[in-house]
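# Structural overview for review
If you want the building blocks of each chain, they are given just below.
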Amino acid sequence: MSYDFKNKVVYQIWPRSFKDSNGDGIGDLGGVIEKLPYIKSLGADVIWLSPVYPSHNHDYGYDIDDYCAINPEFGTMEDFDRLVAEAKALGIGIVMDLVVNHTSSHHKWFRAAVEDPAGKYRDYYIFKKGRKADANPGYKLPVTTGTIPPNNWLSAFGGSAWQKDEKTGEYYLTLFTPNQCDLNWANPEVREEVWKIMRFWLDRGIAGFRLDVINAIAKREGLPDSGDPKKLNFPFEHIVSLPKTHEYLKEMHEKVLSHYDCFTVGEGMVTPLDAVLKYTGPGTNELDMMFQFDLALIGCGPLGKFDFRKLYHWTVREYKDIFDSWETGVEHGGGWLGNYISNHDQPRPVSRFGDDKKYRRESAKALAMINMTMYGTPFMYQGEEIGMTNCPLEPEEWKDFEAINDYEMLQSMMHVPAPIAKKIVQKMTRDHARTPMQWSAGKNAGFTDGEEAWMKINPNYTEINVEDDLKNPDSVIDFYKQLIRLRHLNDELNYGSYRMIAKSNRQVIAFLREYEGRRLLIAVNMTGRPARIDLGELEYRKGHIILGTHGSEKYSRFLTMQPFEGRIYRVGEA
Ligand code: GLC
Ligand code: CA
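Okay, so let's go over this structure. Please read these numbers as outputs of a predicted model, since none were measured by experiment. Note that residues are indexed from 1 along each chain, following the sequence as it is written. Here chains are named by letter from A upward and ligands by number from 1 upward, in the order in which they appear as written. Totals for whole chains, interfaces and linings use every residue, but because this is a predicted model, local features are given only for residues with pLDDT of at least 70 and side-chain atom pairs only at 80 or more, for both listing and counting. The basis for the side-chain values is all heavy atoms of the structure; hydrogens and waters are excluded.

We now examine the overall build of the protein chain. By the criteria applied, helices consist of DSSP H or I runs no shorter than four residues and strands consist of E runs no shorter than two, each listed in order from the N terminus. The secondary structure content of the protein chain amounts to 17 helices and 22 strands. Here the radius of gyration uses the C-alpha set of atoms, whereas the globule reference equals 2.2 Å times the residue count to the power 0.38. Against the compact-globule benchmark of 25 Å for 574 residues, the protein chain has a radius of gyration of 24 Å, which places it among compact chains. In terms of principal-axis extent, the alpha carbons of the protein chain reach across some 75 × 50 × 50 Å. Summary of the burial criterion: residues with accessible area below 20% of their type's maximum are buried, those above 50% are exposed, and those between are partly exposed, where the area comes from a 1.4 Å probe applied to protein chains only. Counting all 574 residues of the protein chain, 62% fall into the buried class. Whether two residues are in contact is decided by their heavy atoms: any pair within 4.5 Å suffices. A fraction of 69% describes how many contacts in the protein chain between residues 6 or more apart in sequence connect residues 24 or more apart. Note on areas: Shrake-Rupley, 1.4 Å probe, and residue coverage restricted to the protein chains presented here. A total accessible area of about 21900 Å² is found for the protein chain, and carbon and sulfur atoms account for 52% of it. For this count, His and the chain ends are skipped, Lys and Arg are scored as positive, and Asp and Glu as negative. Charge placement uses NZ in Lys and CZ in Arg. For Asp and Glu, CG and CD serve respectively. Of the side chains in the protein chain, 70 bear a positive and 81 a negative charge, and the two mean positions are spaced by 5 Å.

See the structure below:
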């Protein structure tokens, strides 16, 4: 059945830090239910819930102990059913996070796989014999006795991707934290288990799934070394978007998704355009949309967010080029994107792409305008709507395995001095996105009535919080509401074509969206300096503003814009 995912706005919740309803300092489902009217008031149509399943929190929910239950820290299955029902009554769909590239090491399948090496669960995972320790790989490994891991694969969070199973001396694959054990998708029983899990939630009335690292579920047969065998390397070429991945997703579609009114959004590592088209293009019957990472990783080196070699420097021109090639490519290829400026894995967008000091409000609005008018379905992340910023965090305040581990790895593997490694992590850590939501200027930012939140609250909550923003007519939150309303009222933004204009302008990003003869022109100054843009030989001589960050401005060939000013014009009509 076809669910119209193109005209939706998705609000992402990372439940642990959204709202605590029982005073234990941890956000929960009760808190999400309590805030449903708030989410409705923003105009969001769908909530993507980051994982709420039982978990030992090695990766805060992305290490799942049981796929068909609710983490007691977050509530009960009754709470979940109530959430779905109350959201539905408000016209809001719930999207679950499906993390099935790996299970947690505490999952009963994995426990069984370890306890009974001859049993059927062994083949649910990827176990392999090690190599002789004297194979001398040329890279440092943790203390080993007798053997070293089967190949040189690096985990996404640093270190070897293999853990030793002490009982048999074999190794098992963990591409993320050592407690996230990769499932063996080549085993048809594993796939049937996944389809069962999906039906379990779909039958409870959810609107769909966000599929975690879904392009890595198939692994190259034989698990060969990646690149230079003398180094640990992340095995992109052996795990990303293999032909089998597409087969598995078609099977998922046929056996599960096609029987429900729902949608899917895929998350994957390094997802180039051609891959996105293969997953989401016409007639592929795989996924409805994918996320891309090129904008999120702008200014990072080729190895990702902690690759500091470009010093996180980027220009508006670079941003525009990446933006344009994605938007054009996806439109022409008939694919679809989920667009975002932040999520639970990224620093706060005003700190990363805007100005979190002098122009915090302005840049929060400017970035929101871009995200809400792009070609694709807009996703927004909790706290973005009030322009929350990165939080000053000392290493002892870091919660995320990625931060803690990569801090070590930068020093031990890349020989980065500790103070610099600390600065890099402090700039890019996912913990910025995970500090508690700032609801008010009151105790604990209104996040919890308890003594203390589970994680440090950004001290700027006294100035940046929902309650105060709601009182201020010029607020970021009010602007988000206007943008979402605009998106709902103008199908140009949902279904319209896309074309960038004034490409060579070094400060302003500008593009047209057109649908059934109606056109919108969006122009946003992405810098903290005034800008001027020449719209060129205007094809559309007439226009009037329908939304601006700085009030009304007349339309003309030459626009002068304030720092981080954004405007949306209706053009080409009499
Ligand atoms: C995805 C999630 C991230 C998680 C990883 C492993 O990238 O967004 O939070 O750590 O997958 O599950
Ligand atoms: Ca709680």
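Moving on, we come to the site of ligand 1. By nearness alone, 13 residues border ligand 1, and Asp59, Arg210, Asp212, Glu267 and Asp345 come closest of all. Between His344 and ligand 1, the recorded distance is 2.9 Å, taken from a side-chain N or O atom to an oxygen atom. Arg430 is positioned with one of its side-chain polar atoms (N or O) 3.0 Å from an oxygen atom of ligand 1. In this count, Pro and Cys sit with the nonpolar residues alongside Ala, Val, Leu, Ile, Met, Phe, Trp and Tyr, while Asp, Glu, Lys and Arg are called charged and the others, Gly among them, polar. Of the residues assigned to the shell around ligand 1, the class counts are three nonpolar, three polar and seven charged. A cutoff of 4 Å decides nearness: a residue is near a molecule or strand if any of its heavy atoms lies inside that distance of it. What qualifies as a polar contact is a pair of N or O atoms within 3.5 Å, subject to a donor-acceptor requirement within protein and to the restriction that residues adjacent in sequence count only when both atoms come from side chains.

Once that is clear, we can look at the coordination of the calcium ion (ligand 2). The rule for donors is simple: an N, O or S atom within 2.8 Å of the metal counts, and for Na, K and Ca the reach is 3.2 Å. Water is not among the atoms, so a site may look short of donors. Of the protein atoms, only Asp20 (OD), Asn22 (OD1), Asp24 (OD), Ile26 (O) and Asp28 (OD) coordinate the calcium ion (ligand 2), at distances of 2.2 to 2.3 Å. Donor residues for the calcium ion (ligand 2), ordered by position in the chain, follow D-x1-N-x1-D-x1-I-x1-D. Here Asp20 and Ile26 have matching classes, each one buried.

Angle between the axes and distance between the axes are the two parameters that describe a pair of packed helices. Helix 13 (residues 418–428) packs onto helix 12 (residues 401–412) with a crossing angle of 145° between their chain directions and a minimal axis gap of 9 Å. Note that helix 12 runs across helix 13; the crossing there is right-handed. Residues Ala403, Tyr407, Leu410 and Gln411 of helix 12 form the contact with helix 13, whose participating residues are Ala418, Ala421, Lys422, Ile424 and Val425. Every axis corresponds to a line fitted to the C-alpha atoms, with the helix fit spanning only the stretch in contact, and the corresponding angles, defined between N-to-C directions, vary from 0 to 180 degrees. Each crossing gets its handedness from the near helix: less than a right angle anticlockwise from the far helix is left-handed, clockwise is right-handed.

Turning our attention to the packing of helix 11 (residues 360–373) against helix 16 (residues 476–489). Contact geometry of helix 11 with helix 16 gives a least axis separation of 10 Å together with a crossing angle of 15°. The angle between helix 11 and helix 16 places the two elements in the roughly parallel class. For the element pair helix 11 and helix 16, the recorded crossing hand is right-handed. Taken together, the residues of helix 16 that come into contact with helix 11 (itself represented by Arg361, Ala364, Lys365, Ala368, Met369, Met372 and Thr373) are Val476, Phe479, Tyr480, Leu483, Ile484 and Arg487. For the contact of helix 11 with helix 16, the class distribution of residues is nine nonpolar, one polar and three charged. An angle below 35 degrees is read as roughly parallel, one above 145 as roughly antiparallel, one from 65 to 115 as roughly perpendicular, and any other as oblique.

Side-chain rings of Phe, Tyr and Trp, where Trp is taken by its six-membered ring, are said to pair if the distance between their centres is within 6.5 Å; with planes under 30 degrees apart they count as stacked, over 60 as edge-to-face, and otherwise as tilted. What the rule picks out here adds up to 42 aromatic pairs. Between Phe200 and Trp201, the ring centres sit 5.0 Å apart and the planes meet at 85°, which makes this aromatic pair edge-to-face. Given the relative accessible area of 27%, Phe200 is considered partly exposed. Look at Trp201 and you get buried, because its relative accessible area is 0%. Through a chain of ring-to-ring contacts, three or more aromatic side chains come together here, namely Tyr53, Tyr67, Phe80, Trp109, Tyr121, Tyr124, Phe200 and Trp201. Look at NZ for Lys and CZ for Arg. If either is within 6 Å of the ring centre and within 35 degrees of the ring normal, a charge sits over the ring. Looking at Arg16, its charged tip hangs above the ring of Trp454, at a distance of 4.7 Å from the centre. The ring of Trp439 has Lys35 lying over it, and the distance from NZ or CZ to the ring centre is 4.0 Å.

Two strands pair under a simple rule: DSSP has to find at least two bridges between them. Taken in spatial order, the eight strands make up an open sheet running 13-12-11-3-2-1-15-14, and their pairing is parallel. With one partner strand each, in any of the chains shown, strand 13 (289–290) and strand 14 (338–339) form the two edges of the open sheet. Its contacts with the sheet place helix 5 (residues 188–202) against strand 3 (93–98) and strand 11 (208–211), and it is angled at close to 160° to strand 3.

This brings us to the sheet that holds strand 17 (residues 508–515). Taking strand neighbours across the sheet as the criterion, the five strands line up as 16-17-18-22-20 in an open arrangement whose pairing is antiparallel. Single-partner strands in this sheet number two, and they are strand 16 (497–501) and strand 20 (543–548). The average undirected angle you get between the axes of adjacent strands in this sheet is 25°. Judged from the six bridges that link them, strand 18 (residues 518–525) and strand 22 (residues 566–571) form a sheet pairing that is antiparallel. From the neighbouring strand, Arg519 faces strand 22, where its bridge partner is Val571. Packed on one face of the sheet, helix 9 (residues 316–333) meets strand 16 and strand 17 and runs near 155° to strand 16.

Without other data, these values stay purely geometric and don't point to any function.
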